Amino acid sequence: MSEVARRRFLQGASGLGVAGVLGTGSASASSRYHWLSGDHHTHTQYSYDGMYTIEQQIRGALRHGTDWLVITDHGHAAHEAHSVEATAADIKRAQRKFPQLLLWHGMEWNVPGAEHATLFFEDCQDEAGVLRDFERQFDWRLNGAEASNPANERKALDAIRFLQTKIRNGTMKSALVFVNHPMRNGRVAPHELRNMRDLAPDIVVGMEGAPGAQGDGDPLRGPGGHRGGYANSPGSNSYAPYPPEAYRTYGGFDWMTAQVGGVWDSLLTEGRGWWITSNSDSHFNSRDTIVRVPEPGDQFDLTGKHLDPLDSGPPQVSPPYVDFFPGEFSRTVVGATRRTRGAVMEGLRAGRAWVSHGGLVDDLQFSIHGTGGSATLGGRLCVRRGSDVSVLVKARLATRPNSAGFIPRLRRLDLIKGALTGPTSSETLSTPHVKVERSYEPRWHYAVFTHTFRNVREPFYLRLRGTDGNRGAFEPQADTPGAANPWEDLWCYTNPIFVEVR
């Protein structure tokens, strides 16, 4: 396909409509789910670098339309010693007070030999006790296993085996782990992602496609620096083959996700289910009037908790990080069969999720249809060799101002196709077998796009991304200080759908 053909736009909604391409009676495979917006990476006063009470985080999340939320305070000696039970008690009170929110007690795990990951459980007996035990044994802030070396990488795998044992013996129903901000310091190698995922594909299921702390790039409401705090260079524990450009965000998204044919695609082309999310990593939220109060320097070390912040102060102007409340800027929208914690976890585990920044789209449905039926995000559709596969995309564009005060406009959706090639080297960073198949330019508030792959002979996967087009380039551009205002470069991504051929 020529470059001109690759970039051609289908102006407006498809005149064929759904029935014209898929046949009468067809429906989007995504329509059977409750699509719930949430965040699995947030901090409170129980983090050494946090501030908010759990209730303050919840109220902020609810203001911005959040349906589910995981509290993930950092592993830390003072946290393990003092915070776990106190957090559990606060969360139980909050669950009674805010029944409309699906709420978890998780943690941000300092992964041996790597950096950070979200961990949370489903239906766990003695949840606080299990979290404390896990933190004591497997968090590198407590056991000195920070260095990137084979022994510490094995300890990270032992931590996953610990979770598997707890599931097998009935202590918990399930657990989920997501790798957080993978390229902020470049300390999680491709083989670590593959090894953890292959050991426990029902537990270690993905990574943050975009980091939190997006407000760090905002020159008006923040310092105008690097989005997500991605201002680093390779260090002693970084994976050496990563290039210097990998330590930056691109349209606010991690290099692993943003590069077509990059690390994420290299995992997908192998047929691995490896999913992305987008989260707030909320510590200190942009221009918030909730502010930290003065406290003794050893307050957290002695108690595992910062003093309750002041809820009527002047707007924060120079916090150590500039985040957003859950749902205020970043959303992970999950397809759940029911409005329950277990169903949300099942949706995340299945990859049934899409992510968006800045309210770029209100809704994004993506499904494929063929001889074997239909599938939506994270799903697999098996079709007969030589048959056709049809794609259905439904996008409902934003109609209300976001928290920055404007209505964003989705200017382009890209349909990305990758070949399924099977396993490669565990150190693989890229794949040449991925391309932008077609691009669409929405014109109306509700747009329907279709595409058909004829005479399918080989397996492949599809994913979507969208942009407001404000940076003017076809591919996401590196965010640099002075040109990294998060509100001026908005993107959305879906997880993939796989097509298998028999």
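See the structure shown above.
Position numbers for residues count from 1 along each chain, tracking the sequence in the order it is written. This being a predicted model, a pLDDT of at least 70 is required before a residue's local features are given, and a value of 80 or more before pairs of side-chain atoms are given or counted; all residues contribute to the totals for chains, interfaces and linings. Just so you know, side-chain values use all the structure's heavy atoms and leave hydrogens and water out.

Draft legend 1. Broad picture of the overall build of the chain. When you go through the chain residue by residue, the secondary structure sums to twelve helices and 22 strands. In this treatment the radius of gyration is a C-alpha quantity, and the globule benchmark scales as 2.2 Å times the residue count to the 0.38 power. Taken against the 2.2 N^0.38 rule, which gives 23 Å for 502 residues, the C-alpha radius of gyration of the chain at 22 Å falls within 12% of a compact globule. Along the first, second and third principal axes, the C-alpha atoms of the chain reach 65 × 50 × 45 Å. Across the 502 residues in the chain, those meeting the buried criterion constitute 62%. Carbon together with sulfur atoms contributes 50% to the accessible area of the chain, which is approximately 18,000 Å² in total. Helical segments are the DSSP runs of H or I of at least four residues, strand segments are the runs of E of at least two, and each set is numbered from the N terminus. The buried label goes to any residue with under 20% of its type's maximum accessible area, the exposed label to any with over 50%, and the partly exposed label to all in between, with areas taken from a 1.4 Å probe on protein chains only. Each accessible area value is a Shrake-Rupley result obtained with a 1.4 Å probe; residue values ignore everything except the protein chains displayed when judging cover.

Draft legend 2. Region of the structure containing the pairing of strand β12 (residues 353-357). Of all five residues in β12, five are buried; the element is thus mostly enclosed. The two faces of β12 match: Ala353, Val355 and His357 on one face and Trp354 and Ser356 on the other face are all buried. Between any two strands, pairing holds if DSSP finds at least two bridges. Relative to β12, strand β11 (residues 330-336) runs antiparallel, the two being bridged by five bridges. Bridge pairing links Val334 to Ala353 in β12. As defined by bridge partners, β12 adjoins strand β21 (residues 491-494) across three bridges and the pair is classed as antiparallel. Residue pairing for β21: Trp354 is matched across the bridge by Thr494.

Draft legend 3. Spotlight on helix α5 (residues 127-138). Over its twelve residues, α5 extends 16 Å from the first C-alpha to the last, a length consistent with the 16 Å expected when each residue adds 1.5 Å. Within α5, the full set of buried residues consists of Glu127, Ala128, Val130, Leu131, Arg132, Phe134, Glu135 and Phe138. Residue count minus one, scaled by 1.5 Å, sets the expected span of a helix.

Draft legend 4. How the structure looks around the nonpolar core. Within the largest apolar cluster, 78 residues are counted, with the highest numbers of intra-cluster contacts made by Trp68, Trp109, Phe121, Phe134, Leu163 and Val177. Among the elements that make up this core, the one with the highest residue count is helix α7 (residues 150-168) (six residues). Shared between two domains, this core holds at least three residues of each, these being domain 1 (34-350) and domain 2 (361-501). Between two residues, a contact is recorded if the distance between any of their heavy atoms is within 4.5 Å. Dropping the residues within four chain positions of it, Trp68 is found in contact with Leu36, Ser37, Gly38, Asp39, His40, Leu101, Leu102, Trp104, Thr332, Val334, Val344 and Leu348. Nonpolar cores were defined as sets of buried Ala, Val, Leu, Ile, Met, Phe, Trp, Tyr and Cys residues, with membership established by side-chain atoms within 4.5 Å. The start and end points of each domain follow an automatic or database-based domain assignment.

Draft legend 5. Quick look at the packing of helix α3 (residues 54-63) against helix α4 (residues 77-97). The interhelical angle for the contact between α3 and α4, taken along N-to-C directions, is 40°, at an axis separation of 10 Å. Relative to α4, the element α3 lies oblique. Between α3 and α4 the crossing geometry is right-handed. Contacts from Ile54, Glu55, Ile58 and Arg59 in α3 reach Thr87, Asp90, Ile91, Ala94 and Lys97 in α4. Of the residues in the contact of α3 with α4, the class split is four nonpolar, one polar and four charged. Only the stretch in contact is used when fitting a helix axis, every axis being a line fitted to C-alpha atoms; angles between N-to-C directions are given from 0 to 180 degrees. An angle counts as roughly parallel when it lies under 35 degrees, as roughly antiparallel when it exceeds 145, as roughly perpendicular when it falls between 65 and 115, and as oblique in every other case. Crossing chirality is assigned from the near helix's rotation relative to the far helix, an anticlockwise turn below a right angle marking it left-handed and a clockwise turn marking it right-handed. Think of it as three bins: nonpolar holds Ala, Val, Leu, Ile, Met, Phe, Trp, Tyr, Cys and Pro, charged holds Asp, Glu, Lys and Arg, and polar takes everything else, Gly as well.

Draft legend 6. Just the environment of Gly482, in detail. Checked against the element boundaries, Gly482 lands in the loop between β20 (460-467) and β21. Measuring from C-alpha to C-alpha, the distance between Gly482 and Ala117 comes to 29 Å, with 365 residues separating the pair along the chain.

Draft legend 7. Looking closely at the sheet that holds strand β19 (residues 446-453). Strand order in the open sheet made by the four strands is β14-β13-β16-β19, with antiparallel pairing throughout. Bordering the open sheet on either side are β14 (373-376) and β19, each of which pairs with just one other strand. Each neighbouring strand pair of the sheet contributes to a mean axis angle of 20°, computed without reference to strand direction. As paired strands, strand β13 (residues 361-370) and β14 are joined by four bridges and run antiparallel to one another. Among the inter-strand pairings, Gly370 is bridged to a residue of β14, identified as Gly373.

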